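What follows is each chain in one-letter form.
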Amino acid sequence: MAKVLVVTSGKGGVGKTTSTAALGAALASQGKNVVVVDFDVGLRNLDLVMGAERRVVYDLINVVQGDAKLAQALIRDKRCETLHLLPASQTRDKDNLTQEGVAKVMDELREKFDWVICDSPAGIERGATLAMRHADAAIIVTNPEVSSVRDSDRIIGLLDSKTLKAEAGERMDKHLLLTRYDPIRAERGDMLKVDDVLEILSIPLLGIVPESQDVLRASNLGSPVTLCEPQSAPARAYFDAARRLEGAELPVVIPSERKGFLGKLFGRRAA
Amino acid sequence: MNLFSMFSRRSSAPVARERLQVLLAHERAVIGNSDLVAVLREEILAVIAKHVPVEREKVRVKMDRGDQVSLLEVDIELPEMPQKAQKVA
Ligand SMILES: Nc1ncnc2c1ncn2[C@@H]1O[C@H](COP(=O)(O)OP(=O)(O)O)[C@@H](O)[C@H]1O
Ligand SMILES: [Mg+2]
């Protein structure tokens, strides 16, 4: 039974695309059949972060419009053979993404894959609501910072009203992924605490990803951080998050500034 | 408490937390409101319709938000009806 995830946030630049690639690669390296879908039409980036930018022939809009078969547009990862990418269009108008067209593609993806992970564009407009529409569960990517938390709150409201699940009166599963967490700023008291963000948004925690050079390095090299630097602190946070998505109950650790050492156990049940 | 924190200014995270809590409580209410009015309207309509026939357009629900209190205005126009039903209304 396929599971459709949307990676969303409201605010831009918080780590949605990075997280989509890293979680997709983590799930795929555990042998799951995974597709990551770029919904950021016009500003596609997932292909770059995955290192597949030169292999894009057809995109989501081509498939939606029937100009290409799904199989023609899917790009299989060179490093991990169960990982696939469905790229977004760089040039076409996003109005070409019709609701019925997207529904058809999502149905087809559900049949082919174990995990369908949709990378949402920023904002709360049509692109973002289309990306979340078919989701079974949502990953809300949030930075410990006021505007990001506020936008996440808006997105949570949309997830509870504008999705197929919400319209059917069902509950949308929501997971908080706290990214770009800076232990030094946290220690200084100049960054919202994990507990504060959890209390304000009141959704369960999927993981805490530290701010890290390894993420920048990975995206420079065009490889998800979980493939490129699997031993790094951010990669381990993503691997743990992926295992939680698969139902494992692991305690969430707060990354500490001590190198290669994980900080104190976070005494809260994980998502 | 270390030397650094003794000389540094007050930490800003608690302020951020306070501001967010106040702001989001307000925003949730405002955004939730448009839905709330629609839901109230439907449910009020259903309750009235159980006792008297009523036209949909004759039920108006309005929400006025103020600083201290908000006012919910419900305006229902009932058709001509026999004495007994009027008492219910
Ligand atoms: N944990 C992290 N540490 C350092 N940089 C990060 C981290 N997560 C994301 N970034 C960087 O932040 C920028 C925005 O990330 P991206 O995933 O594109 O965000 P979004 O898709 O939400 O707009 C990128 O330059 C990315 O490399
Ligand atoms: Mg992005």
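Residues numbered from 1 in each chain as written. Chains lettered and ligands numbered in written order. Predicted model: local features only at pLDDT ≥ 70, side-chain atom pairs only at ≥ 80, totals over all residues. Heavy atoms only, no water.

## With respect to the overall build of chain B
Thought 1: On a plain count of helices and strands, chain B comes out with 3 helices and 2 strands.
Thought 2: Put simply, chain B runs from its N terminus to its C terminus through helices and strands in the order α-α-β-β-α.
Thought 3: Here chain B holds 89 residues, and the buried ones make up 18% of them.
Thought 4: Pairs at least 24 apart in sequence give 35% of the contacts found in chain B among residues at least 6 apart. (Helix = DSSP H or I, 4+ residues; strand = E, 2+ residues; numbered from the N terminus. Buried < 20%, exposed > 50% of the residue type's maximum accessible area, 1.4 Å probe, protein only. Contact = heavy atoms within 4.5 Å.)

## Section: the interface of chain A and chain B
Thought 1: Contacts between chain A and chain B engage 14 residues on the former and 15 residues on the latter.
Thought 2: Together chain A and chain B conceal approximately 1,400 Å² of surface at their shared face, both sides included; 57% is due to carbon and sulfur atoms.
Thought 3: The largest per-residue losses of area from chain A upon contact with chain B belong to A:Arg150, A:Asp190 and A:Ile200, which jointly make up 36% of the total buried on that side.
Thought 4: Summed over the shared surface of chain A and chain B, the result is 4 salt bridges.
Thought 5: A:Glu199 is paired through a salt bridge with B:Arg17; the nearest N and O atoms lie 3.4 Å apart.
Thought 6: Counting only elements with at least two residues in the side of chain A that touches chain B, the list comes to α7 (146–159) and α10 (194–201) of chain A.
Thought 7: Among the elements that line the side of chain A that touches chain B, the one with the most residues is α7(A), at 5 residues.
Thought 8: Split into classes, the residues belonging to the side of chain A that touches chain B amount to 6 nonpolar, 1 polar and 7 charged. (Buried area = accessible area lost by both parts, 1.4 Å probe. Salt bridge = Lys/Arg side-chain N within 4 Å of Asp/Glu carboxyl O. Nonpolar A, V, L, I, M, F, W, Y, C, P; charged D, E, K, R; others polar.)

## Comments concerning the nonpolar core
Residues and elements named next belong to chain A.
Thought 1: Ranked by size, the top nonpolar core spans 52 residues in total, and within it Phe39, Leu86, Leu97, Leu109 and Val116 carry the most contacts.
Thought 2: Apart from the residues lying within four places of it in its own chain, the contact partners of Val116 are Lys3, Val4, Leu5, Val35, Val37, Met106, Leu109 and Arg110.
Thought 3: Val14, Leu27, Val49 and Leu83 belong to the second largest nonpolar core, which has 38 residues in total. (Core = buried A, V, L, I, M, F, W, Y, C linked by side-chain atoms within 4.5 Å.)

## Observations regarding helix α11 (residues 213–221) of chain A
Thought 1: Its side-chain oxygen at 2.9 Å from the backbone nitrogen of A:Asp214, A:Ser212 defines the N-terminal cap of α11(A).
Thought 2: With its phi angle positive at about 70°, A:Gly222 sits one or two positions after the end of α11(A). (Polar contact = N/O pair within 3.5 Å; in protein donor to acceptor, adjacent residues only side chain to side chain.)

## Brief notes about the environment of A:His175
Thought 1: Within the secondary structure, A:His175 is located in strand β7 (residues 173–181).
Thought 2: Placed 64 residues apart in sequence, A:His175 and A:Glu111 show a C-alpha to C-alpha distance of 24 Å.

## Quick notes on the site of ligand 1
Residues and elements named next belong to chain A.
Thought 1: In the vicinity of ligand 1, 15 residues are found, and the nearest of them are Gly13, Lys16, Thr17, Thr18 and Ser212.
Thought 2: One of the backbone nitrogen or oxygen atoms of Val14 is found 3.2 Å away from an oxygen atom of ligand 1.
Thought 3: At a separation of 2.9 Å, a nitrogen atom of ligand 1 approaches a polar backbone atom of Pro210.
Thought 4: Protein contacts shield 81% of the accessible area of ligand 1, which totals 560 Å² for the unbound molecule.
Thought 5: Of all the secondary structure elements, the ones that give two or more residues to the shell around ligand 1 are α1 (16–29), β8 (205–210) and α11.
Thought 6: Residue composition of the shell around ligand 1, by class: 5 nonpolar, 7 polar and 3 charged. (Near = heavy atom within 4 Å. Areas by Shrake-Rupley, 256 points an atom, 1.4 Å probe, with all protein chains shown as cover.)

## Topic: the packing of α1(A) against helix α13 (residues 233–245) of chain A
Residue and element names in this part refer to chain A.
Thought 1: Two elements in contact, α1 and α13, have axes separated by 9 Å at closest approach and are oriented at 65°. When the axes of α1 and α13 are compared, the pair comes out roughly perpendicular. Between α1 and α13 lies a crossing of right-handed hand. Only Tyr238, Phe239, Ala241, Ala242 and Leu245 of α13 make contact with α1, whose side of the interface consists of Thr18, Ser19, Ala22, Leu23, Ala26, Leu27 and Ser29.
Thought 2: For the contact of α1 with α13, the residue count by class is 9 nonpolar, 3 polar and no charged. (Axes fitted to C-alpha atoms, helices over the stretch in contact; angles between N-to-C directions. Parallel < 35°, antiparallel > 145°, perpendicular 65-115°, else oblique. Left-handed = near helix turned anticlockwise from the far one by under 90°.)

Note that all results are geometric; they support no functional claim without further evidence.
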